[in-house]
Amino acid sequence: MSARDTILGKVRSSLHAGANDQTRRKAVEERLKKAAPGVVPARGKLPSAQRVALFSEMAGKLSASVEHVRKAADVPKAVTEYLRGRNLPSAVRMGADPRLAAMPWGKQRALELRPGPSDGDDEAGVSHATAAIAETGTLVMTSGAENPTTINFLPEHHIVVVDAADIEGDLETVLARIRKAYGKGRMPRTVNLISGPSRSGDIEQKIILGAHGPRALHIIVVGG
Amino acid sequence: MDITSPTFKANARVALADGQLQKALGNVRAGFIDKRRKAVDALPEFEELRDRARDIKNHALEHLDLYLETYEAKVLSSGGTVHWAETAGQARDIILDICRKADARTVTKGKSMITEEIGLNDFLEKNGIRPVETDLGEYIIQLRGEHPSHIIAPAVHLNKEQVEADFRRVHDHLPDHRDLSEPEALLGEARRVLRSQYFEADVGITGANFLVAETGTSIIVTNEGNGDLTQVLPRVHVVVASIEKIVPTLEDVSQILRVLARSATGQEMSVYTTLSTGPRRKGDVDGPDEYHVVLLDNGRSSMLGTEFQDMLRCIRCGACMNHCPVYHAVGGHAYGWVYPGPMGAVLTPSLIGVDKGGHLPNASTFCGRCESVCPMRIPLPKMMRHWREREFERGLNPATQRFGLGLWAFFARRPRLYRLAAALGIPVLSLLGGRKRRFAWLPFAGGWTRHRELPAPESRTFMQQWRDREAVARQAGR
Ligand code: SF4
């Protein structure tokens with residue numbers, strides 16, 4: 001017998017369950033089909049303007065910096081200014097996200113755009129978030145050539161653009177959106193829920209920012 | 001790893017006398033308890049979420065076979081591979097095989113208690129493959145040849161001076177005069193040293209906090225970002241997870257996430273919650289070419305249907321040990337195997353046998369704090385009692401304890417005699433206790449009095465005092 005069958009057999013016998021018990025099968029099917037949200041905290045259930053404000057507040061508490069721009073076309077300038085303000089080289093790694101591509105980067109003459117995934121030598125990377133969660137100040141990133149996962153982790157500074165309209169109250173709302181976009185039971189290869197810059201408390205329980213991931217997380221909220 | 005759980009008492013004695021350790025353990029008390037309290041207070045729905053979390057896992061465990069099948073099918077359909085391992089040995093062989101097929105020389109690892117449980121690092125090393133721990137705490141203890149002393153803070157038993165000494169010893173290519181006096185400098189150095197390792201590795205191994213049946217997704221929850229670099233950069237990603245990590249849907253995960261980080265570190269969310277489904281897809285420019293899941297039983301299936309089934313709800317948050325007076329006093333290594341604290345006291349005998357882990361359930365004051373903070377509402381003290389009962393039935397207790405309990409049973413069945421003996425014994429103890437009314441030492445109780453004082457009993461027995469109180473109450477009622 002294969003290890004698989006042995007394990008499943010042991011589980012069944014410990015649970016005193018037959019392999020073809022229809023009541024159990026039904027319970028499982030129903031549960032998967034419904035995927036019912038459970039207790040969703042009241043905190044995130046807000047009208048959109050307050051949702052954006054809560055998101056900014058929560059992200060700030062997590063030591064991310066948050067800035068608001070009126071329209072997408074303002075993003076390249078905001079990126080340049082962020083780099084200049086921190087004395088960083090004028091270069092960013094960026095994926096092929098069409099929303100980012102449509103922005104007027106050419107106006108930022110000195111800014112070098114490096115396309116593709118990060119190779120570990122980038123000081124700063126720019127990504128576009130799929131969504132964000134007001135309840136906890138969390139960014140939701142999905143993998144692909146548009147926003148390569150390596151950009152979320154390798155650069156020292158991660159700059160993330162998010163549309164105010166994509167800031168949802170809670171994770172449940174975001175999950176429903178992903179399910180709609182990818183189909184029931186399917187997922188992007190990677191979904192990164194990011195809440196602040198990386199940190200470690202492993203030495204004497206003292207929290208230090210900038211562990212293996214980015215030292216700084218800068219969020220640019222567009223519109224709203 | 002060598003199991004030293006059978007000598008828990010001796011381990012504890014050493015731990016209590018270790019000044020460095022005692023200093024470091026202060027960080028557990030200071031670092032975790034208040035933060036959890038604050039995070040819990042900030043979420044009015046917290047208690048309700050605990051109920052939900054408990055119910056979700058109960059449901060998943062009651063239907064575990066079916067959810068495992070669903071999960072497997074989903075992993076396959078997203079292009080991943082599922083391997084089943086009944087034992088630690090099988091899991092090790094499967095992982096070695098994957099590494100060999102990938103021609104791996106270096107393997108990076110995200111933090112994973114399961115790979116500690118199966119003793120993966122030693123095994124890979126013996127087979128010519130270099131495992132590199134990338135979580136800061138895990139990296140430190142790997143340099144020291146130690147094992148984690150806490151399930152979420154593996155190096156909590158160390159002080160920064162010890163870490164500095166290790167870094168100077170191992171990173172000997174770096175200048176001698178560099179300043180490593182602050183944790184920031186130590187972290188920075190580890191970050192730089194490990195960066196190249198992620199790129200060098202052929203295989204990245206992570207654990208999983210959850211496996212989602214609905215989608216075939218594995219989830220890790222971390223703060224440093226090392227787990228993500230471990231899984232995104234090498235060509236092969238291996239997830240090692242035990243079967244009870246299964247959760248039905250993404251919505252269910254969302255419920256449990258809300259209690260996990262708050263209970264663990266007092267964060268509302270850990271920095272990185274990463275959902276992984278299968279290998280690199282068409283059009284992807286990064287991510288692993290292969291995605292493997294090793295599903296490990298290693299004794300879990302035998303816990304189902306027993307009084308220890310509830311333990312399988314555990315999400316490894318560490319709150320029970322953070323609030324445990326015994327853990328605070330002796331730290332994690334004294335428990336002698338992978339899982340310390342109250343959760344370890346229940347889990348260890350289940351996984352390695354009561355003959356080896358049977359002393360651990362005695363390492364409890366039954367104060368009940370662990371259960372009161374456990375986000376999954378696991379009745380830890382009750383389960384420790386179950387183990388004590390089993391241990392006693394099997395006659396594994398030390399002879400003195402059996403003799404003592406036997407004596408007590410003799411008197412319990414003869415209450416008049418018991419009262420007489422107690423009334424005779426108390427004045428003797430109370431005299432011996434002297435004016436301080438405390439014993440720094442008692443014959444036959446050295447284990448107790450070495451590290452604390454035993455209060456001398458009041459001069460009258462409980463039963464005598466009870467009768468007096470009743471009499472007073474009756475008079476007052478009149
Ligand atoms: S037993 Fe409960 S408190 Fe302890 S680690 Fe597991 S879930 Fe956390």
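These numbers come from a predicted model, not from an experiment.

Conventions adopted
Residues numbered from 1 in each chain as written. Chains lettered and ligands numbered in written order. Predicted model: local features only at pLDDT ≥ 70, side-chain atom pairs only at ≥ 80, totals over all residues. Heavy atoms only, no water. Helix = DSSP H or I, 4+ residues; strand = E, 2+ residues; numbered from the N terminus. Buried < 20%, exposed > 50% of the residue type's maximum accessible area, 1.4 Å probe, protein only. Contact = heavy atoms within 4.5 Å. Areas by Shrake-Rupley, 256 points an atom, 1.4 Å probe, with all protein chains shown as cover. Buried area = accessible area lost by both parts, 1.4 Å probe. Salt bridge = Lys/Arg side-chain N within 4 Å of Asp/Glu carboxyl O. Polar contact = N/O pair within 3.5 Å; in protein donor to acceptor, adjacent residues only side chain to side chain. Domains from an automatic or database assignment. Pairing = 2+ DSSP bridges. Axes fitted to C-alpha atoms, helices over the stretch in contact; angles between N-to-C directions. Core = buried A, V, L, I, M, F, W, Y, C linked by side-chain atoms within 4.5 Å. pLDDT = per-residue confidence, 0-100. Near = heavy atom within 4 Å. Nonpolar A, V, L, I, M, F, W, Y, C, P; charged D, E, K, R; others polar. Expected span 1.5 Å × (residues − 1).

1. Re the overall build of chain B
Right, so step 1: Along its length, chain B carries 23 helices and 12 strands.
Right, so step 2: Residues counted as buried form 57% of the 478 residues belonging to chain B.
Right, so step 3: In chain B, 72% of the contacts between residues at least 6 apart in sequence involve partners at least 24 apart.
Right, so step 4: Carbon and sulfur atoms form 55% of the exposed surface of chain B, whose accessible area is close to 19,700 Å².

2. Quick look at the interface of chain A and chain B
Where interface size is quoted, it is often the accessible area lost as the parts come together.
Right, so step 1: With 76 residues of chain A at the contact, the number on the chain B side is 104 residues.
Right, so step 2: When chain A packs against chain B, the two sides together hide about 7,500 Å² of surface, and 57% of this comes from carbon and sulfur.
Right, so step 3: Taken together, the connections running from chain A to chain B amount to 17 salt bridges.
Right, so step 4: Between Arg 189 of chain A and Asp 284 of chain B there is a salt bridge, with its nearest N and O atoms 2.8 Å apart.
Right, so step 5: Counting every contact that joins chain A to chain B gives 43 residue pairs in polar contact (both at pLDDT 80 or more).
Right, so step 6: Contributing elements (two or more residues each) for the side of chain A that touches chain B: helix H1 (3-15), helix H2 (22-34), helix H6 (149-153), helix H7 (171-182), strand E9 (190-194), strand E10 (199-200) and strand E11 (208-209) of chain A.

3. Some remarks on the domain arrangement of chain A
Right, so step 1: Assigned domains within chain A: domain 1 (3-33) and domain 2 (46-222).
Right, so step 2: Computed over C-alpha atoms, the centres of domain 1 of chain A and domain 2 of chain A are 42 Å apart.

4. What about the sheet that holds strand E4 (residues 203-206) of chain B?
Residues and elements named next belong to chain B.
Right, so step 1: Spatial ordering of the open sheet is given by E1-E10-E7-E4-E2-E3, a layout of six strands whose pairing is parallel. Edge positions in the sheet fall to strand E1 (81-85) and strand E3 (130-133), since each has one partner strand and no second. This sheet shows a mean twist of 25° between the axes of neighbouring strands, independent of strand direction.
Right, so step 2: Bridge count for strand E2 (residues 106-109) against E4 is three bridges, and the pairing is parallel. From the neighbouring strand, Lys 109 faces E4, where its bridge partner is Ile 205.
Right, so step 3: Across the sheet, helix H5 (residues 88-101) lies against E1, E2, E4, strand E7 (236-242) and strand E10 (290-296), angled at about 145° from E1, the strand it touches most.

5. Regarding the nonpolar core
Right, so step 1: With 131 residues, the main nonpolar core has Phe 210, Met 311 and Tyr 339 of chain B as its most contacted residues.
Right, so step 2: Beyond its immediate stretch of four places on either side in the chain, Met 311 of chain B contacts Met 303, Met 343, Val 346, Leu 347, Ile 378, Leu 380 and Met 383 of chain B.
Right, so step 3: Core analysis: the next-biggest nonpolar cluster, separate from the first, contains 43 residues, Ala 59 of chain A together with Ala 155, Leu 180 and Leu 186 of chain B among them.

6. Overview of the confidence of the model for chain B
All names here are of chain B.
Right, so step 1: Looking at chain B as a whole, the pLDDT averages 88, with 83% of positions reaching at least 70.
Right, so step 2: In the model, residues 427-437 has pLDDT below 50 throughout and makes 16 contacts with residues more than four positions away in sequence or in other chains.
Right, so step 3: This stretch, residues 439-448, has a pLDDT under 50; its non-local contacts, to residues over four places away or in other chains, come to 18 contacts.

7. Focus on the sheet that holds strand E1 (residues 65-69) of chain A
Residue and element names in this part refer to chain A.
Right, so step 1: Ordered by their spatial adjacency, six strands build an open sheet running E1-E12-E7-E4-E2-E3, and the pairing between neighbours is parallel. Each edge of the sheet is formed by a strand with only one pairing partner; in this case those strands are E1 and strand E3 (112-115). Adjacent strand axes in the sheet meet at a mean angle of 25° when their direction is disregarded.
Right, so step 2: Relative to E3, strand E2 (residues 91-94) runs parallel, the two being bridged by four bridges. Across the sheet, residue Val 92 finds its bridge partner in E3, namely Leu 113.

8. Concerning the environment of Lys 10 of chain A
Right, so step 1: Its place among the elements puts Lys 10 of chain A in helix H1.
Right, so step 2: Other than its neighbours up to four places away in sequence, Lys 10 of chain A contacts Glu 86, Asp 297 and Ser 301 of chain B.

9. Concerning the environment of Pro 361 of chain B
All names here are of chain B.
Right, so step 1: With respect to the helices and strands, the residue Pro 361 is situated in the loop between helix H17 (354-357) and helix H18 (369-373).
Right, so step 2: Look at Pro 361 and you get buried, because its relative accessible area is 0%.
Right, so step 3: The spacing of Pro 361 and Met 383 is 22 residues in sequence and 8.4 Å in space, taken between C-alpha atoms.

10. Regarding the pattern of salt bridges
Any two side chains of opposite charge can pair if their charged atoms end up close together.
Right, so step 1: All chains considered together, the criterion is met by 53 salt bridges over all chains.
Right, so step 2: Note that Glu 251 of chain B is salt-bridged to Arg 179 of chain A, the shortest N-O span being 2.8 Å. Of this pair, Glu 251 of chain B sits in helix H12 (residues 250-264) while Arg 179 of chain A is found in helix H7, placing the two residues in two different chains.
Right, so step 3: Of the residues examined, Glu 251 of chain B reaches a relative accessible area of 3% and is grouped as buried.
Right, so step 4: The closest approach of N and O atoms between Arg 390 of chain B and Glu 307 of chain B, which form a salt bridge, is 3.0 Å. Linking Arg 390 of chain B in helix H19 (residues 380-393) with Glu 307 of chain B in the loop between helix H13 (300-303) and helix H14 (319-322), this pair joins segments that are 83 residues apart in sequence.
Right, so step 5: Owing to a relative accessible area of 31%, Arg 390 of chain B belongs among the partly exposed residues under this scheme.
Right, so step 6: Connected via shared salt-bridge partners are Glu 47, Arg 50, Asp 51, Arg 54, Asp 55 and Arg 377 of chain B.

11. Quick look at the pairing of strand E7 (residues 157-163) of chain A
All names here are of chain A.
Right, so step 1: Where burial is concerned, most of E7 is hidden: six out of the seven residues are buried.
Right, so step 2: Bridge count between strand E4 (residues 124-128) and E7: five bridges; the pairing is parallel. Residue pairing in the sheet places His 128 in a bridge with Val 161 of E7.
Right, so step 3: Where E7 lies against strand E12 (residues 216-222), seven bridges are found, and the strand directions are parallel. Residue His 157 lies in a different strand from E12, and its bridge partner there is Ala 216.

12. Let's talk about the site of the ligand
Right, so step 1: Around the ligand sit 15 residues in total, of which Cys 314, Cys 317, Gly 318, Cys 320 and Cys 374 of chain B are the nearest.
Right, so step 2: Grouping the amino acids of the shell around the ligand by side-chain chemistry returns 13 nonpolar, one polar and one charged.

13. A word on helix H16 (residues 341-352) of chain B
Residue and element names in this part refer to chain B.
Right, so step 1: The end-to-end C-alpha distance of H16, which contains 12 residues, comes to 16 Å, matching closely the 16 Å that a straight helix rising 1.5 Å per residue would cover.
Right, so step 2: Within H16, 12 of the 12 residues are buried, which leaves the element mostly enclosed by the surrounding structure.
Right, so step 3: For H16, every residue scored as buried is listed here: Gly 341, Pro 342, Met 343, Gly 344, Ala 345, Val 346, Leu 347, Thr 348, Pro 349, Ser 350, Leu 351 and Ile 352.
Right, so step 4: Residue Gly 353 follows H16 closely and has a positive phi angle near 105°.

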